[in-house]
Amino acid sequence: MNNKHLELFQRHENNPILTAAQWPYRVNSVFNPGVVLLPDGVTLLLCRVEDRRGHSHLCAARSANGIDTWKIDAQPTLMPDPKHFPEELWGIEDPRITYVSELNKYAVVYTAYTREGPGVSLALTEDFHHFERYGLILQPEDKDAVLLPERINGNWALIHRPVAVPGAHMWLSYSSNLHHWGDHKLMLKARRGAWWDANKIGLASPPVKTAKGWLVIYHGVRENAAGAIYRLGLALFDLDKPEICLKRGDEWVFGPEEPYERRGDVDHVVFPCGYTIAPDGDTIRLYYGAADTSIALVTGSVNAILEWLDQN
Ligand code: BMA
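Residues numbered from 1 in each chain as written. Predicted model: local features only at pLDDT ≥ 70, side-chain atom pairs only at ≥ 80, totals over all residues. Heavy atoms only, no water.

(A) Geometry of the site of the ligand. Looking at the ligand, the residues that line it are Asn-32, Arg-48, Asp-94, Lys-143, Tyr-230, Val-266, Val-269, Phe-271 and Asp-292. Within the contact set of the ligand, an oxygen atom lies 3.1 Å away from a side-chain nitrogen or oxygen of Lys-143. Coverage of the ligand by the protein chains reaches 85% of its 300 Å² of free accessible surface. The cavity where the ligand resides is the second largest pocket. (Near = heavy atom within 4 Å. Polar contact = N/O pair within 3.5 Å; in protein donor to acceptor, adjacent residues only side chain to side chain. Areas by Shrake-Rupley, 256 points an atom, 1.4 Å probe, with all protein chains shown as cover. 1 Å grid on protein atoms, 1.4 Å probe; cavity = no way out; pocket = protein on both sides within 12 Å on 5 of 7 lines; lining within 4 Å. Sits in = over half its atoms within 2 Å of the grid points.)

Written out as structure tokens, the structure is:
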């Protein structure tokens, strides 16, 4: 099939919409933001910011239209705290945010990075100023995690990506208290061989709850002689048993093509960690890190994405 006819996602003309040059303090790069639409309609991006040591922290940028006139926190919003959380020694990365109505709080799940590798950490917040840190909830090597916004059959559910030999696949784990995780289920596997998602896969943005199931946008990595390419694919999971995959698209639906996605600190990477959905319930704005250097935006339609999955 000709990719020209897919066009499930349209790039914004202002891309990249946020770059290190806009930061109020000295940084190397800004990318891979977690995203929420606040009750007042403001879009908040919790950006991964890499400093000039090479360590990352999180910094909030807010905009009324979600496109420009970003108000960026003057200081880092959430810093690694290796004194109390040694797993954050080399920084914190790639936040994915869900609003949990039962708690009336946002759950920020992020990668904590240290000598032993990346692990999964959780913090709750009401306002993106104060954070209640749970620390490491899954030990290295594990990342690309998000909390589902509601309990599944009475338990909290977490999607994550532990690394096993061979392959790095998506798993779902359950917990009654957000601290202790078990009842692990394999959700989706990297395909191996000659596939765009052969080597590693991981959750991209939090699943979108639809009438047909949990819609998951995931990243797939293909390693080749020149390095790795990060692209996006689609899968649909059962609403009551999210470990059950109902559909998986064979082709990738979005990949690095523009110069800001092709060239940067890490070439050939598009890496979303969040989205907003417009009041129409259909228009999705996906915010992604481009080449581990800047932040860009694409728009799509949830219904069109579901239709594509039906056909592919
Ligand atoms: C992944 C994560 C992402 C990054 C990507 C490409 O493993 O570290 O933060 O964007 O690699 O470098």
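(B) Local environment of the sheet that holds strand S2 (residues 29-37). In space, the four strands of this open sheet follow the order S2-S3-S4-S5, with antiparallel pairing throughout. In this open sheet, the two edge strands, each paired with only one partner strand, are S2 and strand S5 (71-72). Bridge count between strand S4 (residues 56-63) and S5: two bridges; the pairing is antiparallel. Within S5, the position partnered with Arg-62 by the bridge is Lys-71. (Pairing = 2+ DSSP bridges. Helix = DSSP H or I, 4+ residues; strand = E, 2+ residues; numbered from the N terminus.)

(C) Up close: the layout of surface pockets. Empty space within the largest pocket amounts to approximately 420 Å³. Elements with a minimum of two residues in the lining of the largest pocket: S2, strand S6 (92-100), strand S15 (208-210) and strand S19 (270-277). Taken together, the residues that form the lining of the largest pocket break down as 15 nonpolar, three polar and one charged. Considered as a void within the structure, the second largest pocket measures approximately 330 Å³ in volume. Lining the second largest pocket are 18 residues, with Arg-48, Glu-93, Asp-94, Lys-143 and Tyr-230 sitting closest to its centre. When contributions to the lining of the second largest pocket are tallied by element, the ones reaching two or more residues are S2, S6 and strand S10 (142-147). In the lining of the second largest pocket, the residues fall into seven nonpolar, two polar and nine charged. (Points joined across faces, edges and corners; volume = space filled by probe spheres on them. Nonpolar A, V, L, I, M, F, W, Y, C, P; charged D, E, K, R; others polar.)

(D) How the structure looks around unusual backbone geometry. With omega at -10 degrees, the peptide bond leading from Asn-15 into Pro-16 counts as cis. With respect to the secondary-structure elements, Pro-16 resides in the loop between strand S1 (10-11) and S2. Pro-140 connects to Glu-141 through a cis peptide bond whose omega is 0 degrees. Even without a glycine there, the phi angle at Ala-291 is positive, about 55 degrees. Mapping Ala-291 onto the fold places it in the loop between strand S20 (283-290) and strand S21 (294-301).

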